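Read off the chains here:
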Amino acid sequence: MPARMPVQPGDSPDARAKAGSTHIGFILLQDYSMIAFANAVETLRMANYLSRRPLYRWSVVSPDQTVALASNGLAVAAIGDLGSLSECQQLFVCGGVNIRHNTSDTVRRLLRQCASYGVPMGGLCTGAYALASAGLLDGYRCAIHWENLAAIREEFPKVRFSSEVFVIDRDRITCSGGTAPLHLMLHLVRAQHGARLMMDISEQFLVERLRSSDDRQRIPQPACIGPGYQHLTEAAALMAARIEEPLPLAELARAVALSLRQLERLFHRYFSMNPAQYYMNLRLHRAQELLTHSSLRIMQITVACGFQSSSHFCKAYRSLFGHSPSEERRRHIGGAKPHAATWRASPSAARRVRLAPASLPDFGPLTRAAACDSISTSFVNAKAERRQYQCTASDADEVHG
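Residues numbered from 1 in each chain as written. Predicted model: local features only at pLDDT ≥ 70, side-chain atom pairs only at ≥ 80, totals over all residues. Heavy atoms only, no water.

### Describing the overall build of the protein
Note the following rule: Secondary structure elements are defined from DSSP: runs of H or I of at least 4 residues count as helices, runs of E of at least 2 residues count as strands, and each element is numbered from the N terminus. Should any heavy atoms of two residues lie within 4.5 Å, those residues are considered in contact. Only the protein chains shown count as covering a residue, and every accessible area follows the Shrake-Rupley method with a 1.4 Å probe.
Along the protein, the regular secondary structure elements total 19 helices and eight strands. Considering only intrachain contacts with a sequence separation of at least 6, the fraction spanning at least 24 residues in the protein is 71%. Looking at the protein as shown, the accessible area adds up to about 19100 Å², and 52% of this sits on carbon and sulfur atoms.

### Thoughts on the pairing of strand β4 (residues 121-124)
Which entries qualify depends on this criterion: To sort residues, take the accessible area from a 1.4 Å probe on protein chains only and compare it with the maximum for the residue type: under 20% means buried, over 50% means exposed, and anything in between is partly exposed. Here a strand pair is declared whenever DSSP counts at least two bridges between the two strands.
Here β4 shows a buried face lined by M121 and G123 and a second buried face lined by G122 and L124. Pairing geometry for strand β3 (residues 90-94) and β4, over four bridges, is parallel. Bridge pairing links L91 to M121 in β4.

### Describing the packing of aromatic side chains
One pair of aromatic rings is described through two measures. These are the centre distance and the angle between the planes. We count it as follows: Pairs were defined over the aromatic rings of Phe, Tyr and Trp, the Trp ring being its six-membered one, requiring ring centres within 6.5 Å. Orientation was assigned from the angle between planes: stacked under 30 degrees, edge-to-face over 60, tilted for the rest. Charge over a ring is defined by NZ of Lys or CZ of Arg lying within 6 Å of the ring centre and within 35 degrees of the ring normal.
This model, assessed by the stated rule, comprises 10 aromatic pairs. In textbook terms, an aromatic cluster arises when at least three aromatic residues are bridged by ring pairs, as seen for F26, Y32, F37 and F92. A cation over a ring is seen here: R170 above Y140, with NZ or CZ 4.2 Å from the ring centre. In this structure, R283 is placed above the aromatic ring of F307, and the distance from its NZ or CZ to the ring centre is 4.3 Å.

### Comments concerning the pattern of salt bridges
Let me state the cut-off plainly: What makes a salt bridge here is a side-chain nitrogen of Lys or Arg within 4 Å of a carboxyl oxygen of Asp or Glu, nothing more.
The final tally for this structure, using the stated rule, is eight salt bridges. R45 serves as the salt-bridge partner of E42, at 3.0 Å between the closest nitrogen and oxygen. Taken as a pair, E42 and R45 lie in helix α2 (residues 34-51) at a separation of three residues, close to a single helical turn. Given a relative accessible area of 30%, E42 falls into the partly exposed group. In this structure R45 comes out as partly exposed when scored by relative accessible area, which is 32%. Salt-bridge contacts for R141 lead to E164; the nearest nitrogen and oxygen are separated by 2.8 Å. Pair noted here: R141 is in strand β5 (residues 141-143) and E164 is in the loop between β6 (160-162) and β7 (166-169), with a separation of 23 residues, a long-range link. The class for E164 is buried, based on a relative accessible area of 16%.

### Overview of α2
Filter applied, for reference: Under the convention used throughout, the expected extent of a helix is 1.5 Å for every residue step, that is, one less than its residue count.
Taking 1.5 Å per residue, 18 residues should reach 26 Å; α2 reaches 26 Å between its end C-alpha atoms and fits that length. On its buried face, α2 is in contact with β1 (22-28), β2 (56-61), β3, β4, α7 (180-193) and α8 (195-204). Immediately downstream of α2, the backbone of R52 shows phi near 60 degrees, a positive value.

### Concerning the confidence of the model for the protein
Applicable threshold: Every residue gets a pLDDT, meaning the predictor's confidence in that residue, from 0 to 100.
Looking at the protein, the pLDDT average stands at 77 and 73% of residues meet or exceed 70. Low pLDDT (under 50) marks residues 1-17, which in the prediction has 27 contacts with non-local residues, meaning those over four places away or in another chain.

### Digging into the side chain of R57
Our working definition: Asp and Glu are treated as the negative residues and Lys and Arg as the positive ones, with His and the ends of the chain left uncounted. Contacts described as polar in this section are N or O atom pairs within 3.5 Å, which, within protein, must combine one atom able to donate a hydrogen with one able to accept it, while residues neighboring in sequence count only if both atoms come from side chains.
By secondary structure assignment, the location of R57 is in strand β2. With no salt bridge to any partner, buried R57 finds its closest opposite charge in E87, at an N-O distance of 4.9 Å. A polar contact of 3.1 Å, which involves the side chain of R57, links it to the side chain of S21.

### Brief notes about α7
End to end, α7 covers 20 Å across 14 residues, agreeing with the expected 20 Å (1.5 Å per residue, within 8%). Across the 14 residues of α7, 10 count as buried, placing the element largely inside the fold. Taken together, the buried positions of α7 are occupied by A180, P181, L182, H183, L184, M185, L186, H187, L188 and V189. Where α7 ends, the next residue or the one after it, G194, has phi of about 100 degrees, a positive value.

### Considerations on the nonpolar core
Note the following rule: The nonpolar core is taken to be a set of buried Ala, Val, Leu, Ile, Met, Phe, Trp, Tyr and Cys residues, with the residues joined through side-chain atoms within 4.5 Å.
In this structure, F26, Y32, F37, F92, L124 and L184 are the most contacted members of the largest nonpolar core, which totals 34 residues. Of all elements in the fold, only β1, α2, β2, β3, β8 (172-175), α7 and α8 reach the threshold of two or more residues within this core. For Y32, the contacting residues outside a window of four places in its chain are F37, A68, L69, A70, S71, L74, A75, V76, C94, G95 and G96. One finds V61, A130, A132 and Y140 within the second-largest nonpolar core, a separate group that totals 30 residues.

### Regarding the state of the cysteines
Rules: Cysteine sulfur atoms are paired as a disulfide whenever they fall within 2.5 Å.
A complete count under the given rule lists zero disulfides for this structure. Of the cysteine sulfurs around C175, a residue in no disulfide, the closest is that of C125, at 8.2 Å.

### What about unusual backbone geometry?
Phi is positive for R170, which is not a glycine, with a value near 55 degrees. As for its placement among the helices and strands, R170 is situated in the loop between β7 and β8. The class of R170 is exposed, set by a relative accessible area of 59%. One non-glycine residue, A257, lies in positive phi territory at about 60 degrees. Position of A257 relative to the elements: it lies in the loop between α10 (249-255) and α11 (260-271). Using a relative accessible area of 63% as the deciding quantity, one classes A257 as exposed.

### Topic: the environment of A40
If you trace the backbone, A40 turns up in helix α2. Residues A40 and M185, 145 residues apart in the sequence, show an inter-C-alpha distance of 6.1 Å. Beyond its immediate sequence surroundings of up to four residues, A40 is in contact with F26, L124, P181 and M185.

### Here we look at the packing of α2 against α8
Test applied: Whenever a helix is involved, its axis is fitted only over the stretch in contact; in every case the axis is a line through C-alpha atoms, and angles between N-to-C directions fall within 0 to 180 degrees. Working rule for angles: under 35 degrees goes down as roughly parallel, over 145 as roughly antiparallel, 65 to 115 as roughly perpendicular, anything else as oblique. Each crossing is labelled by how the near helix is turned from the far one, with a counterclockwise turn of less than a right angle marking it left-handed and a clockwise turn marking it right-handed.
Between α2 and α8, the least distance of the axes is 10 Å, while the angle of their chain directions is 110 degrees. As summarised for this structure, α2 and α8 are arranged roughly perpendicular, according to the angle between their axes. Note on packing geometry: the crossing formed by α2 with α8 is right-handed. Two secondary-structure elements touch here, α2 through T43, M46, A47 and L50 and α8 through L197, D200, I201 and Q204.

Here is the structure:
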């Protein structure tokens, strides 16, 4: 972290207080997540309030120096200007919805300029996308909101995206959205000012448990927890890790040390559906994420989500969501449009680690989430070019939409 401003003889008390505080900059992109930004700033404010010292101060700027509206339509007045960013000890890009559209060349130039200061940089919610787009996350691990995770992994193959709540990798600090920035800032406060202050802030905000950096963003949420819940979460995690090439249910049951009949009973008990229905819904929701947050063509998404037939994919999608994949893309406001540029699949852990029935790893309870993340599926690969799709005339428009 860059050194704080030196104190000169004769400086005022205000200048001395500023020199002893950590200056954090927030760059607000249009449609940023208000809850993510507020959770970060309020944690810093409470640290100052409880310590009765100005431990933190912050600058809030907009890349184009206009008012940045949050996704809820509210605006936060800028506190500082672009020149103040060079004085910061940490910088965070605050993103939200429509992150692709709101990451302009102006934003990328600003972020590269900030990186030239040598200041640790991070992203809140979808802010990691802007950093990756500017080439500032190559070779780093980072976190981003789960809704964007599937689409962004293939777009930036040099970045190691994680499903963790937040990630601190050298001079890059990234976290997902919602309340995750609160937990990130609590960890930063503890690292700088001790566990006592961190716990006092948690009590003020009624935070029952401090989430760690390796907590996963999403876990299955059945109506209640009871016998077999651990097996259920393990099965769901394996399903999420094998989207492109779905595991046969018999293999899935063996991987979690259950019979197929026991697995079916658990899914009926907690989700009111059988494992096949849950798996199908999981794949279709992944397809929806790719349709609304990526520029992949629908045929590529078909392969990415494990469908052998484009007509089957279109029919299943319409059955669950009530409209076709091409209609989904058209109705998504601000969604990325397919482009004609050549798409290349990047190698992924799923290509390198095949889960054969006899070689399914026996994950320990503490490492299972990390292991599932490490075998995260590659959405489209070279075999998409080898597959032949037999489409009816009525499916053709949807497949190439």
